[in-house]
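The chain contents come next:
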Amino acid sequence: MQRRDFIRTAAASAGALATGATSLEATGPYVNRGFRARPIVLSDLSGIAFNNGGPESAVERAYRGITEGEDVLDALIEGVNIPENDPTESGIGFGGLPNADGVVQLDSCCMHGPRKWAGGVGGIEGVKTPSRVARAVAELTDHHLIAGIGAREFARSLGFEIHPDLNTDNSRQLWLEWQRRVDPGHWLDPNARLQGQGRPGEETDPDVIRRNRSGNGNEDALAMLTPQQMRMRSDAYLSAGLDMVDEGLIPAHSFWGTINCNGVSADGDICGVTTTSGLAWKIPGRVGDSPILGAGLYVDNDVGAAGSTGRGEANLYNLSSFMIVEFMRQGMAPKDAGMAMLERIRANTVEPRLQREDGNPSFDVRFFVVNKAGDYAGVAMYGTAENRFAVCDENGAREETLEGLLEG
Ligand code: GLY
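A few points on the structure. (Residues numbered from 1 in each chain as written. Predicted model: local features only at pLDDT ≥ 70, side-chain atom pairs only at ≥ 80, totals over all residues. Heavy atoms only, no water.)

**Let's talk about the site of the ligand**
Next up, step 1: If you check the shell around the ligand, you find W256, T258, G278, L279, R286, G288, D289, S290, G310 and G312 and nothing else.
Next up, step 2: Here D289 contributes a side-chain N or O atom positioned 2.7 Å from a nitrogen atom of the ligand.
Next up, step 3: Between the ligand and the protein, one listed contact pairs an oxygen atom with a backbone N or O atom of G312 at 2.9 Å.
Next up, step 4: Contact with the protein chains removes 100% of the 200 Å² of surface that the ligand exposes when unbound.
Next up, step 5: Grouping the amino acids of the shell around the ligand by side-chain chemistry returns two nonpolar, six polar and two charged. (Near = heavy atom within 4 Å. Polar contact = N/O pair within 3.5 Å; in protein donor to acceptor, adjacent residues only side chain to side chain. Areas by Shrake-Rupley, 256 points an atom, 1.4 Å probe, with all protein chains shown as cover. Nonpolar A, V, L, I, M, F, W, Y, C, P; charged D, E, K, R; others polar.)

**Section: the packing of helix 4 (residues 58–67) against helix 5 (residues 72–85)**
Next up, step 1: Following both chains from N to C, one finds helix 4 and helix 5 inclined at 160 degrees, their axes separated by 7 Å at the closest point. As the angle between them shows, helix 4 and helix 5 are arranged roughly antiparallel. Seen from above, helix 4 lies across helix 5 with right-handed handedness. Along the contact surface, helix 4 presents A58, R61, A62, G65 and I66, while helix 5 presents V72, A75, L76, E78, G79, V80, I82 and P83.
Next up, step 2: Partitioned by chemical class, the residues of the contact of helix 4 with helix 5 number nine nonpolar, two polar and two charged. (Axes fitted to C-alpha atoms, helices over the stretch in contact; angles between N-to-C directions. Helix = DSSP H or I, 4+ residues; strand = E, 2+ residues; numbered from the N terminus. Parallel < 35°, antiparallel > 145°, perpendicular 65-115°, else oblique. Left-handed = near helix turned anticlockwise from the far one by under 90°. Contact = heavy atoms within 4.5 Å.)

**Some points on the sheet that holds strand 4 (residues 145–147)**
Next up, step 1: Within the open sheet, the eight strands sit side by side as 4-3-2-6-5-1-11-12. Their pairing is mixed. Each edge of the open sheet carries a strand with a single partner, namely strand 4 and strand 12 (396–401). Strand after strand, the sheet turns through a mean of 10 degrees between neighbouring axes, direction not considered.
Next up, step 2: In the sheet, strand 2 (residues 106–112) pairs with strand 3 (residues 117–124) via six bridges, with the strands oriented antiparallel. For S108, the partnering residue across the bridge sits in strand 3 and is V121.
Next up, step 3: Against the sheet, helix 6 (residues 130–140) makes contact with strand 2, strand 3, strand 4 and strand 6 (270–276), and its axis sits at roughly 135 degrees relative to strand 3, the strand it touches most. (Pairing = 2+ DSSP bridges.)

So, in structure tokens, the structure goes:
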């Protein structure tokens, strides 16, 4: 290829990544080796519960693309773009719940099984579809992971639209409510004020804390907190968020956000993508498991794929998705591999702050697992009838019940 033609092709690829054309045409066809499998797409519930006002959910869009011959990863990314762009899905992309400063920061990674490419972005701001930026990292760079301002500028340079704020009215209102709960001395509830309620809480008002301590009063109030007070403060942040889940203000699936979507083609080609706004009200800059290969996603085209939703730190500590694929390589079925990983997380959760009274984990984590033949499973630390996941195959899109390691 002439250098001038190469430059033209590369420029067209970059534009296509941002605007929606598939990347297959930009990178050349992948030649399959003749394996036959049952095409399937599976994801967490976000993959079927949201369609952004359109005719298809993520699993339906991805399955249609895979069965019509699209590159598997391209089809999956087109699928997850639906909840990423949907303002009513508050755990992913546009309208995802923001960090403690009220800024939406998104994580994503993707893996292309047959090409053995992967890319990720961590803490990216301003781009509604971080999965597309993750794919651009995989396809256009020698790197796997680009984070923070660098990720946003990387996206800008490729023609992605950079939005000043990815909050919706809903995500901003929920953040305000959370602020009122954790910092009632500064963030007031107008309705409570009109009713004559709403005294600042002594323990959370930095001015009160300052007055109650010795010193000249000029130091920054937070710098004066003891480690125990800091710990109480972070516990208060988390429990205020969890209270909002218990009260139905935040959908449980949105608190840790995330869609993981994995697919297998009739040729047995396997790809996966995970994308999220991460833990609601996180410390700014916190990156979860979703953009980290082996934690929130892993694919091996000879074996299968696994990805996760739920408490990302549990997957980072245990590299869960990688381990599930390795368990399948050793001969385990998808469900057994997922259950073995949940049991490992349970056994490794030894800190009392992360345990219920019975000693089991106080958090949930879920895995979506598929092998090369198209056999699949959705498993969770806690099994309840409401815990469901999404599947699309030759029988159409449907919800199925996640199998729990533990009851309740
Ligand atoms: N699993 C999503 C997160 O923890 O960020």
